[in-house]
Amino acid sequence: MGKSYSLETELVFSKSSDQYNASVPPLYQSATFKQPSLSNMGEYDYTRSGNPTRTYLQNQLAKIMKANHAFAVTSGMGCLDVITRLLKPGDEVIAGDDLYGGTHRLLTYLNNKGDLKVHHHDTTNTELIKSKITPDIKMIFLESPTNPLIKVCDVKSIADYAHSVSEDIIVVFDNTMMSPILMTPLDLGVDIQYESATKYLNGHHDIMAGAIAIRKPELAERVYFVINSTGCGLSPFDSWLLCRGLRTLAIRVERQQQNCNKIAEFLQNIGFKVRYPGLKSHPQHELHSSMCRGAGAVLSFETGCIRTSERIVENTDIFGIAVSFGCVNSLISMPCKMSHASIDAKTREERDFPEDLIRLCIGIENADDLIDDLTKALLKGGACKVNEKDELFNAVGVQAKL
Ligand SMILES: *Cc1c(COP(=O)(O)O)cnc(C)c1O
């Protein structure tokens with residue numbers, strides 16, 4: 001290992017070991033590798049087990065995630081599948097009550113089959129979580145901030161407490177929302193960090209991928225065993241594309257976050273209830289700031305009316321109606337009808353999930369264009385009005401503080 005630089009530099013810096021000194025990592029689109037001889041096996045033999053392009057990517061990921069071992073797999077859900085395979089039948093686990101929809105679906109599937117016993121709790125309530133952590137708990141799944149409710153949990157307190165109860169409890173953290181640029185969960189004591197690389201890490205919505213990062217060699221060995229056994233390692237070409245996307249992570253997230261801050265303030269000043277950890281009005285603004293280097297580029301807001309929200313979503317031009325986030329272009333969605341439709345209505349209600357919630361995932365476009373586009377949609381949706389002086393008023397007639 002050479003000298004380490006700041007994240008922005010590490011993302012674009014690499015020392016090539018390529019025979020021709022190619023300035024980008026070469027793509028080894030090969031399933032097998034010939035061996036020097038029967039007695040002298042080379043570093044690679046079969047791409048399911050290892051591939052030089054994937055290794056290059058994994059080394060870059062390990063550096064920016066501050067891990068000793070990083071693994072690239074075929075999707076974010078693939079990460080969770082690998083991680084849950086470390087458990088034994090009947091093991092008890094704790095998970096948040098506002099997890100990513102797909103995470104909720106896989107954990108519920110395993111719970112209903114009897115493979116695992118999953119206990120869902122509000123992870124923003126640190127004392128409640130601590131009271132549920134016993135030596136019987138084998139794994140804890142955390143996410144912060146969650147989306148679209150943007151709930152923040154005290155990762156370090158929960159991880160430290162879990163390890164004081166038992167060193168063997170594996171604390172797992174899904175860092176998709178922040179990305180390694182804004183958060184280093186391994187520094188907060190989690191054992192396994194994973195993220196959907198489909199989002200910020202790649203940033204262009206042209207591949208699906210997942211990244212797992214670990215410091216403990218023994219745990220890394222078990223994870224590698226599962227990846228090699230199940231064959232979910234990322235393909236060479238997708239690894240190569242992810243290497244390319246990764247180089248602009250810092251600059252993309254910086255711009256996305258700048259835009260998101262402006263839009264969060266704009267919506268809050270109109271009078272909407274906005275959920276964004278960068279706003280001082282967010283109940284866990286300070287906790288979030290103590291763990292992260294920024295607030296990210298996803299926010300949600302409520303309009304008070306499902307039909308109004310639907311009209312807003314259907315009347316934007318620049319914002320595409322799509323699930324997912326972390327891409328260079330901005331997206332708008334209604335989680336209840338889209339990404340979180342896999343959580344049944346009753347569970348959503350129990351978790352105070354507002355059916356009128358709109359989620360915005362902000363891209364790198366010009367911020368004024370985005371705000372103009374939203375304004376148009378808010379007017380068409382009936383959430384705002386303008387007077388003859390072009391001043392903006394909210395639905396209850398109060399002038400927006402712009
Ligand atoms: C998208 C997402 C996942 C799943 O990742 P895929 O790459 O879509 O499989 C997991 N967690 C969070 C928070 C996500 O946003």
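Because the structure is predicted, anything quoted here is derived from the model rather than measured. Residues take numbers from 1 onward in each chain, read along the sequence in its written order. Reporting of local features is limited, given that this is a predicted model, to residues whose pLDDT is at least 70; pairs of side-chain atoms are given and counted only at 80 or more, and all residues count toward the totals for whole chains, interfaces and linings. Computation of side-chain values: all heavy atoms of the structure, hydrogens and water removed.

(A) Fine view of helix H12 (residues 306–314). Residues of H12 that are buried: Thr308, Ser309, Glu310, Ile312 and Val313. Its buried side turned inward, H12 meets strand S10 (320–321), strand S11 (331–333), strand S12 (358–361) and helix H14 (367–381). For every residue, the accessible area obtained with a 1.4 Å probe (protein chains only) is divided by the maximum for its type, and the residue is called buried under 20%, exposed over 50%, and partly exposed between those limits. For helices the rule is a DSSP run of H or I covering at least 4 residues; for strands it is a run of E covering at least 2, with both sets numbered from the N terminus onward. Throughout, a residue-residue contact means that at least one pair of heavy atoms, one from each residue, lies within 4.5 Å.

(B) A look at the domain arrangement of the chain. All domain edges in this entry derive from an automatic or database-based domain assignment. Taken domain by domain, the chain holds domain 1 (7–246) and domain 2 (250–394). Its C-alpha centre places domain 1 at a distance of 28 Å from the equivalent point of domain 2. With 41 residues of domain 1 at the interface, the matching set in domain 2 holds 38 residues. Of all residues in domain 1, Leu149, Leu182 and Tyr200 give up the largest surface area on contact with domain 2, accounting jointly for 22% of the area buried on that side. Put simply, a salt bridge is a Lys or Arg side-chain nitrogen that is within 4 Å of an Asp or Glu carboxyl oxygen. Counting across the domain 1 and domain 2 interface gives zero salt bridges. Those elements that place two or more of their residues in the side of domain 1 that touches domain 2 are helix H1 (7–12), helix H4 (101–113), helix H7 (179–182) and helix H9 (236–246). Per element, the largest residue contribution to the side of domain 1 that touches domain 2 is four residues, and it comes from H7. Taken together, the residues of the side of domain 1 that touches domain 2 sort by class into 20 nonpolar, 14 polar and seven charged. As used here, buried area is the combined drop in accessible area, with a 1.4 Å probe, of two parts when they are placed together. Think of it as three bins: nonpolar holds Ala, Val, Leu, Ile, Met, Phe, Trp, Tyr, Cys and Pro, charged holds Asp, Glu, Lys and Arg, and polar takes everything else, Gly as well.

(C) Summary view of the site of the ligand. Put simply, a residue is near a molecule or strand once any heavy atom of it comes within 4 Å of that molecule or strand. Residues in contact with the ligand amount to 13 residues; listed here are only the nearest, Gly76, Asp174, Ser196, Thr198 and Lys199. Between the ligand and glycine 76 there is a distance of 2.8 Å, counted from an oxygen atom to a backbone nitrogen or oxygen. Identification of polar contacts relies on pairs of N or O atoms within 3.5 Å, with a donor-acceptor requirement for protein atoms, meaning one able to donate a hydrogen and the other able to accept it, and with residues adjacent in sequence counted only if both atoms are side-chain atoms. Between the ligand and serine 196, the relevant distance is 2.7 Å, taken from an oxygen atom to a side-chain nitrogen or oxygen of the residue. When the ligand is considered free in solution it has 380 Å² of accessible area, and contact with the protein chains removes 95% of it. Computed by Shrake-Rupley with a 1.4 Å probe, the accessible areas treat only the displayed protein chains as cover when residues are assessed.

(D) Structural context of the pairing of strand S7 (residues 210–214). With five of five residues buried, S7 lies mostly within the body of the structure. The alternating pattern of S7 places Gly210, Ile212 and Ile214 on one face and Ala211 and Ala213 on the opposite face, and all of these are buried. Sheet topology places strand S1 (residues 69–73) next to S7; five bridges connect them, and they run antiparallel. Across the sheet, residue alanine 70 finds its bridge partner in S7, namely alanine 213. Any two strands with at least two DSSP bridges between them are considered paired. One ladder, built from five bridges, connects strand S6 (residues 192–196) with S7; its direction is antiparallel. If you follow serine 196 over to S7, its bridge partner there is glycine 210.

(E) Region of the structure containing unusual backbone geometry. Cis peptide bonds are those with omega within 30 degrees of zero, and the linkage from serine 144 to proline 145 qualifies with -15°. Structurally, proline 145 can be placed in the loop between strand S4 (137–143) and helix H6 (155–165). Look at the link from asparagine 147 to proline 148: it is a cis peptide, with omega at 10°. Topologically, proline 148 is positioned in the loop between S4 and H6.

(F) Structural view of the environment of aspartate 97. Here aspartate 97 is to be found in the loop between strand S2 (91–96) and H4. Overall, aspartate 97 belongs to the buried group, its relative accessible area being 15%. Apart from the residues lying within four places of it in its own chain, the contact partners of aspartate 97 are His120, His121, Asp122, Lys151 and Arg351.

(G) Local environment of the side chain of glutamate 365. Tracing the sequence through the fold places glutamate 365 in the loop between S12 and H14. A polar contact of 2.7 Å, which involves the side chain of glutamate 365, links it to the backbone nitrogen of serine 330.

(H) Inspection of the pairing of strand S3 (residues 116–121) at higher detail. Two elements, S2 and S3, share six bridges in a ladder whose sense is parallel. The residue bridging glycine 96 from the neighbouring strand is histidine 121, located in S3. After leaving S2, the chain enters H4 and then returns to the sheet as S3, a path that is right-handed. A crossover counts as right-handed when, viewed with the strands pointing away from the observer, the path leading from the first strand over the helix to the second turns clockwise.

(I) Up close: the pattern of salt bridges. Within this structure, the stated rule accounts for 15 salt bridges. The closest approach of N and O atoms between aspartate 122 and lysine 151, which form a salt bridge, is 3.7 Å. Placement of the pair is aspartate 122 in the loop between S3 and helix H5 (126–132) and lysine 151 in the loop between S4 and H6, with a sequence separation of 29 residues. Judged by relative accessible area, aspartate 122 falls into the partly exposed class, the value being 24%. Here aspartate 373 and lysine 376 are joined by a salt bridge, their closest N and O atoms 4.0 Å apart. On the criterion of helical spacing, the pair formed by aspartate 373 and lysine 376 is a turn pair, its members being three residues apart in helix H14. Put simply, Asp97, Asp122 and Lys151 are held in one network by salt bridges that share partners.

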